Amino acid sequence: MAAAGMRTGRLGTFGGVFTPSILTILGLILFLRLGYVVGAVGLGEALLIILLASTISVLTSISMAAIATNLEVRSGGVYYIISRTLGLPFGGAIGLVLYVAQAISVGFYCVGFAEGIASLAGLEGGYFQQLIAATAVFVMLAIAWFGAEWATRVQYVVMSLLAAALISFGIGALNHWNPATLYENMGPVRDWGDLWIAFAIFFPAVTGFTQGVNMSGDLADPARSIPRGTAMAVGLSIVVYLSVAILLAATLRRSDLVADYGAMKRVAAFAPLIDAGIVAATLSSALASLLGAPRILQSLAKDRVFSWLLPFAEAGPDNNPRRGLILTAGTALAIVALGNLNLIAAVVSMFFVVTYGLLNYATYFEARGKSPSFRPSLRLYRPWISLLGGLFSLGVMLAIDFTSGLVALAVVFAIYQYLRRGAVAARWSDGRRSYNLQLVREHLHEASSRAEHPRDWRPQILAFSDDGVRRGRLLTFASWIEGHCGLSTVIRIIEGKGRYARRARDQAELDLARDLAAMKLTAFPLVVMGPNIDTVVPIAIQSAGVGPTRINTVLVNWPRQQVTDTSAPEYQRFFRNLTVASSLDCNLLIFDSDEAVWQALENTPPAARLIDIWWSDNRTARLMLVLAYLLTRNDPWRHAKIRLIVAAREGEEEALQARAEAVLRHVRIAAEVLVISPSDSQAEAIVQRSTEASIVFLPLGFRRQQFVDWFGNDIARILPRLPTCIMTMAGEEVDLSADPDQGEDSSRAAALDALDDAVRAYAAAERALRKAQDSFEQKAARPKDDETEGEEAGEDTGPSEAVQELDVLRAALINAEGALDEARLNAVELGILLPAEEPEQGPP
């Protein structure tokens with residue numbers, strides 16, 4: 001067995017990639033349908049059709065070259081590329097349908113070969129054709145049985161026949177060249193519907209360029225051979241198709257081209273070579289598909305994508321997939337026996353187009369992830385090329401045959417869903433994680449660029465857990481209060497330093513990740529090493545999370561075994577670290593639920609679950625209410641009832657109940673309000689009222705090194721008699737009815753508006769004062785005769801009124817300047833302006 005990473009293939013660029021690709025592209029459509037396309041729509045539109053159809057092959061070839069020069073493409077070709085980029089579900093779906101499409105194509109090509117032979121021999125009847133087609137399948141199987149190198153030698157002979165046929169046609173066409181006929185056949189198309197029909201007829205001609213890629217396992221140097229061989233095949237095929245179309249248009253009338261599918265023979269210098277070319281085209285395409293399909297099947301089997309394909313993982317000499325060859329030949333024989341399968345043929349063609357679309361998307365996906373590992377040697381590659389290729393493939397598929405395109409997409413999607421839901425273990429690294437990390441980066445930057453707003457609040461939980469026995473309950477509760485919107489990080493602290501502490505940390509990371517995987521929880525594991533817990537806790541709380549995902553809630557287990565003696569060092573450490581967390585403005589949640597209580601909770605039917613909140617209208621109560629609501633976003637709690645318990649003195653019951661109900665209506669949370677009277681034994685009231693609850697949210701306070709409830713009772717004394725309990729202390733205000741028009745963005749916008757208005761007002765006051773000053777100066781400069789005339793005319797020229805007006809305008813300017821200074825100061829405080837900045841207009 002070859003060592004991992006060692007290549008066993010011996011084929012080069014010409015024999016391994018160029019030859020199978022060019023032989024599949026230059027097929028029956030070149031000899032039997034290209035003339036019809038030219039005659040149906042004219043030469044101008046035919047050239048356009050060739051270029052448009054070739055766009056997919058060009059774009060996909062560039063994408064394929066980028067991938068092939070970025071990673072070592074092993075056996076499986078296109079399947080390998082897609083599975084190692086988009087992941088196993090996409091790769092498995094494409095690999096299976098691509099194998100089926102190529103296996104069926106072998107049968108179709110052999111049927112086409114049989115029709116050509118029967119026509120040349122003058123044989124009639126479907127049985128003769130089926131016999132010839134079946135014989136062709138067995139001959140192709142015998143050639144492929146001895147390996148890719150033997151098949152390549154046969155392909156060289158076939159390629160020689162194709163080249164001879166094209167040379168014969170070219171010589172004859174040049175001898176019959178008629179410029180008048182060429183001009184007449186230029187077009188234009190009479191009906192755009194005919195143009196699209198002609199496009200659909202021609203398009204399968206360009207769908208064979210990936211045959212060489214499917215031989216990747218037999219190549220000596222795939223990174224070199226795949227890009228070069230595919231580019232050579234695609235480029236040469238475009239030149240051939242364009243040249244043949246021009247030569248046909250310059251030698252035969254459009255009516256002759258439409259009526260005679262074999263028009264090339266009428267022009268060729270030696271017509272029998274065209275027949276040989278037709279036979280060679282069908283055999284070459286059949287052989288290329290027979291070589292490629294089993295290798296895709298073998299790769300699927302080796303990757304254990306489908307367990308029932310495992311027998312096909314074995315190979316003969318030179319890694320030749322002989323079992324796959326037998327299955328592929330059997331599929332081809334079944335196609336030959338069934339006869340007319342036009343609908344299946346259309347869907348099979350669409351499978352190839354879906355493959356090209358996903359190949360382009362896979363390359364774009366890899367490039368879009370911007371991983372440092374994506375370093376294709378193809379320097380001219382740009383991601384938009386792959387995106388354009390994928391979109392073009394999708395558009396062409398649906399435009400050519402909408403029904404068959406939808407059927408092909410549905411089949412691929414069904415297999416993808418089967419593999420995705422089948423929980424097949426990951427067997428390799430693909431591009432999805434890199435892509436998701438890039439999205440996280442971009443979205444974090446986008447979120448950080450916007451001001452924080454209360455409506456964006458969600459729980460970012462840091463759960464401290466060193467107790468493996470109770471960890472499952474703690475993290476399950478954390479996942480509930482995430483409410484499908486928050487994030488949880490579970491942290492373990494390893495005390496110590498040096499090599500042994502690092503080794504313990506590494507083992508703890510493995511254990512924690514294993515626990516989370518076993519519990520199927522989505523928390524992120526974090527293990528931190530430090531000299532002691534007291535040093536690590538405040539640092540971990542302040543540093544956990546990135547940007548807008550920094551933690552805001554600390555969740556811990558209630559240490560039942562440590563609370564009997566408040567002077568014990570363990571209790572003192574626990575109390576001290578929680579007070580530190582509270583001083584860092586974090587919400588505190590202390591979770592308490594032993595095994596029996598938790599089991600009772602799990603056995604309670606979802607519709608019978610009750611969530612109690614001991615309510616007092618403050619920020620802790622509002623935090624408890626929103627956490628209770630987030631609980632009900634989970635399926636086990638979706639039908640649970642929330643109950644607010646309010647203690648009221650005599651005579652205040654109705655007012656407090658109305659106030660609590662108004663809060664619930666305002667924040668749009670459905671809950672029941674229960675008003676009770678404070679009893680002499682408040683602890684007993686809590687126990688009696690909440691015994692029937694599934695979960696109890698209880699306000700938490702600190703007093704004299706003790707944890708107390710809202711009545712001032714020692715919590716340690718009542719917890720053993722309560723169901724699952726969450727003691728809560730809010731470190732921040734949670735606005736349950738946040739107004740989108742309030743917040744930092746709104747304040748900044750209002751400050752900008754105020755600054756703009758102040759600048760405008762100052763400019764207007766300044767203009768008014770200057771205008772008044774100019775008017776006053778002009779009047780003062782008038783001669784006395786003019787003043788006398790003005791007085792006789794009744795004008796008011798008294799200097800006292802003008803001076804008063806100037807004083808008023810000066811005062812208005814001073815007020816505008818004060819308002820501008822205030823607006824500018826406000827803008828500086830909000831960070832809109834730097835202290836040294838000046839607005840565009842302002843006081844001198």
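Quick summary incoming for the structure in this document. (Residues numbered from 1 in each chain as written. Predicted model: local features only at pLDDT ≥ 70, side-chain atom pairs only at ≥ 80, totals over all residues. Heavy atoms only, no water.)

Some words on the packing of helix α6 (residues 88-121) against helix α14 (residues 271-302)
- In the contact formed by α6 and α14, the axes pass within 8 Å of each other and the chain directions differ by 155°. Viewed along their axes, α6 and α14 adopt a mutual orientation that is roughly antiparallel. Of the two elements, α6 crosses α14, and the hand of that crossing is left-handed.
- Residues that form the contact of α6 with α14 fall into these classes: 19 nonpolar, nine polar and one charged. (Axes fitted to C-alpha atoms, helices over the stretch in contact; angles between N-to-C directions. Helix = DSSP H or I, 4+ residues; strand = E, 2+ residues; numbered from the N terminus. Parallel < 35°, antiparallel > 145°, perpendicular 65-115°, else oblique. Left-handed = near helix turned anticlockwise from the far one by under 90°. Nonpolar A, V, L, I, M, F, W, Y, C, P; charged D, E, K, R; others polar.)

Describing a nonpolar patch on the surface
- A cluster of nonpolar side chains, contributed by L394, F402, L406 and L409, occupies part of the molecular surface with about 340 Å² of accessible area.
- The topology assignment puts L406 in helix α18 (residues 402-421).
- Looking at L406, the relative accessible area reads 40%, which means it is partly exposed. (Patch = residues over 30% accessible without salt bridge, like charges linked within 9 Å, V, L, I, M, F, W, Y side chains within 5 Å. Areas by Shrake-Rupley, 256 points an atom, 1.4 Å probe, with all protein chains shown as cover. Salt bridge = Lys/Arg side-chain N within 4 Å of Asp/Glu carboxyl O. Buried < 20%, exposed > 50% of the residue type's maximum accessible area, 1.4 Å probe, protein only.)

Overview of the nonpolar core
- Counting residues in each nonpolar core, the largest one holds 143 residues, and the members touching the most others are L30, F31, F169, F202, F203, Y241 and V244.
- Here this core takes 15 residues from α14, the largest share from any one element.
- Once residues lying within four places of it in the same chain are set aside, the contact partners of F203 are A53, I56, V353, V396 and I400.
- In terms of nonpolar packing, the next biggest core, distinct from the first, is built from 51 residues, F477, L521, L601 and V673 among them. (Core = buried A, V, L, I, M, F, W, Y, C linked by side-chain atoms within 4.5 Å. Contact = heavy atoms within 4.5 Å.)

A short note on the packing of aromatic side chains
- Following the criterion strictly, the structure yields 26 aromatic pairs and no others.
- Centre to centre, the rings of F306 and W308 are 5.3 Å apart; their planes meet at 40°, and the pair counts as tilted.
- A relative accessible area of 52% places W308 in the exposed class.
- Look at F702 and F707: their rings are 5.7 Å apart centre to centre, the planes differ by 70°, and that puts the pair in the edge-to-face class.
- Of the residues examined, F702 reaches a relative accessible area of 28% and is grouped as partly exposed.
- Linked through ring pairs, W558, Y571, F574, F575, F702 and F707 together constitute an aromatic cluster.
- The lysine or arginine in question, R153, covers the ring of W150, its NZ or CZ lying 5.1 Å from the ring centre.
- Directly above the ring of Y500 sits R499, whose terminal nitrogen or CZ lies 5.3 Å from the centroid. (Phe/Tyr/Trp six-rings, centres within 6.5 Å; stacked < 30°, edge-to-face > 60°. Lys NZ or Arg CZ within 6 Å of the ring centre and 35° of its normal.)

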